[in-house]
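# What the coordinates show
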Amino acid sequence: MAAPADAANEWQLPEAGLRYKLDLIGKPTHTSAGYYTHLPDGGILRGVTPATVVMTEDGKVIPSFLLWHNAESGFSMVFGDAGDAKTVNVYVTTTRQAQLWRPNTGITPSAILCTNPGHDTMAAAKALGSFGRVDSSVHSYNKAGIPRAPLSIGGDDTGRPKPAVFYHLAHVDAAVTGKYWIAPFIRHGAAEVLIDGAKLTTREQSKSWGGDGASVDLQKGIHRVEVFQTAPGTGAYDYTPKNGGLSFLTWRGPNEKLKGAESRVFENKEIVRSGACKLTGIEAKDGSPVAFAQTRAGLIYWFGVEEPLIIYTLDAVTGGNPADTTYTWTFPEGGTVEGASTQWLLPGFRESHVKLTAKSGKFISQYTVPVFGFSTEPTTLEKIAHREAFRVVLAKMLAAYPRTPDPVAGWSDAYWNNLLRTVEQGEGYPVLRLLFSDRWETVRKKLGTTQATALQDVLVDIAQRDNPKEAVQWLEKFFAAATDATRKNELRLRNAEVLMYYLGDKKAALTLLTGLAGVGGDVGDRAKIRLGDLAFIEGDLNKATSYYADLQNAARARRNATGAIPANPITSHLLSGGTTAPDPKAKPTPAPAPPAAAKPGLLGRGGALQDVSLSENVRSLVNGGYLIDAHQALLAWEREFPLSKISGDYILRESSFFISSGDFKRARPMLEAYCREIDASSFLPQAASMLINCVKLTKEPRDSIREVIEKVSARLKYHPVAKELDAFLAGK
């Protein structure tokens, strides 16, 4: 096994067993400010508080000092001026005593905010100022404040809630020697301010802004400012400009004149800033791999009172490891994934721990990745990519889950509801297939009837398009498990549709539909509509019209009796079964109810208006990408106005829905029947164009519809679509 770090001329400190490689990516504002960095532990240091030696590539030793060591997340440190060096090596040794930073070390780091959540006493805040080994919850980062208050403490930027205590270590640059008026503003909790180690005792000098403060004699140059802050209470921090944040500091220099105020906020140039570093690799002296990962919070799925679910990207840092190193991730649910990078859904606002194992030959290294779920990534289910991202990651998780115990059994409502929100007509098959194949028993026990039914329907929608025979197998499986008679009939109807539209077995479909037509209710009506569709496809327009007219007259009688079309759920039914989360997707405005009494005619005046409204609703839903919703709207439309298949634009809207779903096979039969059987219609040109598009996209023989297109072309000889029809017939 190659061990490039073994050579003495490369490994600069023989007594060290580990080194971190850093790129220096940001210069300090003052030479004495040095560089601040936080380096990982998580098991890498094996419980030892690190003693560090920092060296440039040419062997120059740079003074370095430990700030805080958290055995879980890592250690924060500072080191001195690196001159013109672009990179440095941080060696860790157990043969020396760790050196803690102190004011007399000559390094003036700034501005570093250290936080310990879960505590609210001043004693706990002051303990952070002692440095060294700290609790696993302690974390720090380089932050002076915000633009409105450049030297301030706003809260815990990791997203952890109150309570917490803070220690802010900063240095400021006094431009001249003299008396400085320093005024702290404490908005929440308690705070103590130290200037060069001396506690600031404030008094009221005036009623003006910044009038509560103290006068401090400062020499020209750099001075240490420390703030110990408590944040009692619970819940999120308030970051509003007027009253948000915990505290901020202001000052006024000697002979400085201010109008209507005693002090002002610090200018950025007055705050000392340490340089920034980027970790590029971790190496072991013996050539063994070192496991370490970096995490990135991404899209957050958070609706109503459900727990937030965040997509995290986890990347193993491979720099410095042997080329044959393999990486394995182990997640809290027990799932394992191979590879240097992966994605996983982690819950928001609580701690999670992911284990990374790096292996090379006989050497194994493990690292615990601590993650507090928090993200500010803008996420919307309006975006197809955001819906797809959830499905993709969830499918990866299902594939990685152990069989027993099954983590799916412990999923909160957030997992199920977001799955329901993000599966789409024609999309989501991988995740649904895994659920219903490998974890069928868990799904049956965990989901409510309505939720399970919705997922089953989406699964069949996809399977019938890509593998109709497999769709029949799914339907048989669901039928065997169903106990409700209505659901069994719905599954029979779906089976008939697969046979009729996808497998071409019209005889078997006819048998099923004839039996279902007599059961009554919604299933019976839909079976009769399919019988009409079957007649339409087979060229019997009179029979199809008879079925459609009988059903439409019955629907009109219902409307006349009730004054409105019966409510038909679109997506809200998917979220029933115990959830309290609102549907995050905005829907087109529902169509208005028709008048109580429809006038004579094919549809009646109110019915005609309603028919147009339903058509527009479907168009809006399809164009917006809400395909499940569009499908439900189509079902409602065809039940109320089935004659629209012949006299209206139903076939166009239905076909646009199936084409948007990638289901050209389902769109073609009705388009072909319409073009063949309807002699004169303003919708005929578009229907013919869509039919041609279906054949082209599926690469089916042009001759399969040549006779139909020739017939349409003869009717539309002078229509603009004639050029497209002629080109198709000519093989162009």
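Residues numbered from 1 in each chain as written. Predicted model: local features only at pLDDT ≥ 70, side-chain atom pairs only at ≥ 80, totals over all residues. Heavy atoms only, no water.

### Some points on the sheet that holds strand S9 (residues 132-133)
Read from one edge of the open sheet, four strands run S2-S6-S5-S9, paired in mixed fashion. The sheet terminates laterally at strand S2 (35-39) and S9, the two strands that pair on one side only. Here five bridges tie S2 to strand S6 (residues 74-79), and the two strands are oriented antiparallel to one another. Bridge pairing in S6 places Leu39 opposite Phe75. (Pairing = 2+ DSSP bridges. Helix = DSSP H or I, 4+ residues; strand = E, 2+ residues; numbered from the N terminus.)

### A short note on the sheet that holds strand S26 (residues 341-347)
Read across the open sheet, the three strands follow the order S22-S23-S26; overall the sheet is antiparallel. Each edge of the open sheet carries a strand with a single partner, namely strand S22 (293-301) and S26. Taken pair by pair, the neighbouring strands of this sheet meet at an average axis angle of 25 degrees, ignoring direction. Both S22 and strand S23 (residues 309-316) contribute to a ladder of seven bridges, which runs antiparallel. Within S23, the position partnered with Ala297 by the bridge is Tyr312. The strands touched by helix H2 (residues 384-400) within the sheet are S22, S23 and S26, with S26 carrying the most contacts at an inclination of about 100 degrees. (Axes fitted to C-alpha atoms, helices over the stretch in contact; angles between N-to-C directions. Contact = heavy atoms within 4.5 Å.)

### Side note on the packing of aromatic side chains
Applying the stated criterion across every chain, the model contains 31 aromatic pairs. Here Tyr35 and Phe79 contribute two aromatic rings whose centre-to-centre distance is 5.3 Å and whose plane-to-plane angle is 15 degrees, an arrangement assigned as stacked. Taken together, the positions of Tyr35 in strand S2 and Phe79 in strand S6 put the pair 44 residues apart, joining distant regions of the chain. For the pair shown, Tyr35 and Phe79 are each scored as buried. Ring centres of Phe331 and Trp344 lie 3.7 Å apart, and the angle between their planes is 5 degrees; on these two criteria the pair is classed as stacked. With Phe331 in the loop between strand S24 (326-330) and strand S25 (336-338) and Trp344 in strand S26, this residue pair connects regions lying 13 residues apart in the sequence. Residue classification places Trp344 among the buried residues on the basis of a relative accessible area of 0%. Ring pairs connect the aromatic residues Phe331, Trp344, Tyr401, Trp411, Tyr415 and Trp416, which therefore count as one cluster. (Phe/Tyr/Trp six-rings, centres within 6.5 Å; stacked < 30°, edge-to-face > 60°. Buried < 20%, exposed > 50% of the residue type's maximum accessible area, 1.4 Å probe, protein only.)

### Re the confidence of the model for the protein chain
With 92% of its residues at a pLDDT of at least 70, the protein chain reaches an overall mean of 89. The low-confidence segment residues 1-9, where pLDDT is below 50, has 14 contacts with residues more than four positions distant or belonging to other chains. Low pLDDT (under 50) marks residues 565-608, which in the prediction has 97 contacts with non-local residues, meaning those over four places away or in another chain. (pLDDT = per-residue confidence, 0-100.)

### Let's talk about the pattern of salt bridges
All told, the structure shown has 43 salt bridges when counted by the stated rule. Between Arg96 and Glu15 there is a salt bridge whose closest N-O contact spans 3.2 Å. Taken together, the residues Arg96 in the loop between strand S7 (87-93) and strand S8 (112-117) and Glu15 in the segment before strand S1 (18-26) connect sequence positions 81 residues apart. Assessed through its relative accessible area of 42%, Arg96 is described here as partly exposed. A residue is classified by how much of its surface remains accessible, and Glu15, at 36% relative accessible area, is partly exposed. With a shortest N-O distance of 3.0 Å, Arg224 and Glu226 are connected by a salt bridge. In this structure, Arg224 and Glu226 share a single accessibility class: buried. (Salt bridge = Lys/Arg side-chain N within 4 Å of Asp/Glu carboxyl O.)

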